[in-house]
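Results of the structural survey
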Amino acid sequence: GMTYAEINKAIRYLGLKTKNRKIFDITEDTGILGLIPVGKKREEHVVYLWEGRILEPACTSRELWLNPDHFLKHHNWTAHRLITIEGEV
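As a starting point, this report considers the structure included with it. All residue numbers here refer to positions counted from 1 along the written sequence of the relevant chain. Restriction of local features to residues with pLDDT of at least 70 applies here, the model being predicted, together with a cutoff of 80 or more for giving and counting side-chain atom pairs; totals for whole chains, interfaces and linings are based on all residues. Side-chain metrics in this entry use all non-hydrogen atoms of the structure; hydrogen atoms and water are not considered.

Next up on the list: the overall build of the protein chain. Numbering of helices and strands runs from the N terminus, with a helix taken as a DSSP run of H or I at least four residues long and a strand as a DSSP run of E at least two residues long. Along the backbone of the protein chain there are two helices and six strands. A compact globule built from 89 residues would reach a C-alpha radius of gyration of about 12 Å, and the protein chain, at 13 Å, matches this within 12%. For the protein chain, the C-alpha atoms occupy an extent of roughly 35 × 30 × 25 Å along the three principal directions. Only protein chains enter the accessibility calculation, which uses a 1.4 Å probe; a residue is then buried when its area is under 20% of its type maximum, exposed when over 50%, and partly exposed in between. The buried share of the protein chain, taken over its 89 residues, is 35%. Counting only carbon and sulfur atoms, one obtains 54% of the accessible surface of the protein chain, whose full area is about 6,300 Å². Here the positive residues are Lys and Arg and the negative ones are Asp and Glu; neither His nor the chain ends is included. To locate a charge, take atom NZ for lysine, CZ for arginine, CG for aspartate or CD for glutamate. Here the protein chain holds 13 positive side-chain charges and 12 negative ones, and the gap between their average locations is 7 Å. The quantity called the radius of gyration is restricted to C-alpha atoms. Its globule counterpart is 2.2 Å times the number of residues to the power 0.38. All accessibility values rest on the Shrake-Rupley procedure with a 1.4 Å probe; residue burial counts only the protein chains present in the view.

Let us now look at the environment of Ile-83. Along the polypeptide, Ile-83 turns up in strand β6 (residues 77–86). Along the sequence, Ile-83 and Gly-15 sit 68 residues apart, while their C-alpha atoms lie 15 Å from each other.

Okay, here's the thing in structure tokens:
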């Protein structure tokens, strides 16, 4: 896995600007969504949030969740922050 700093660095290496957002709309936004387990802060995980849908590449089934709240509850995660790309892609 990559840290948030490494993810931002990789995106900037591609010539894109990023923004780390602590306030976002999980039902509408798009970006790399940082997660932490409910009640813990040491472990972190990321998924791709695409217009309110969760794309989970880590599972062997490569999950797609249409409802982000169901995903968070099922896996016992809390949405922590969102990395977005700013400007034109």
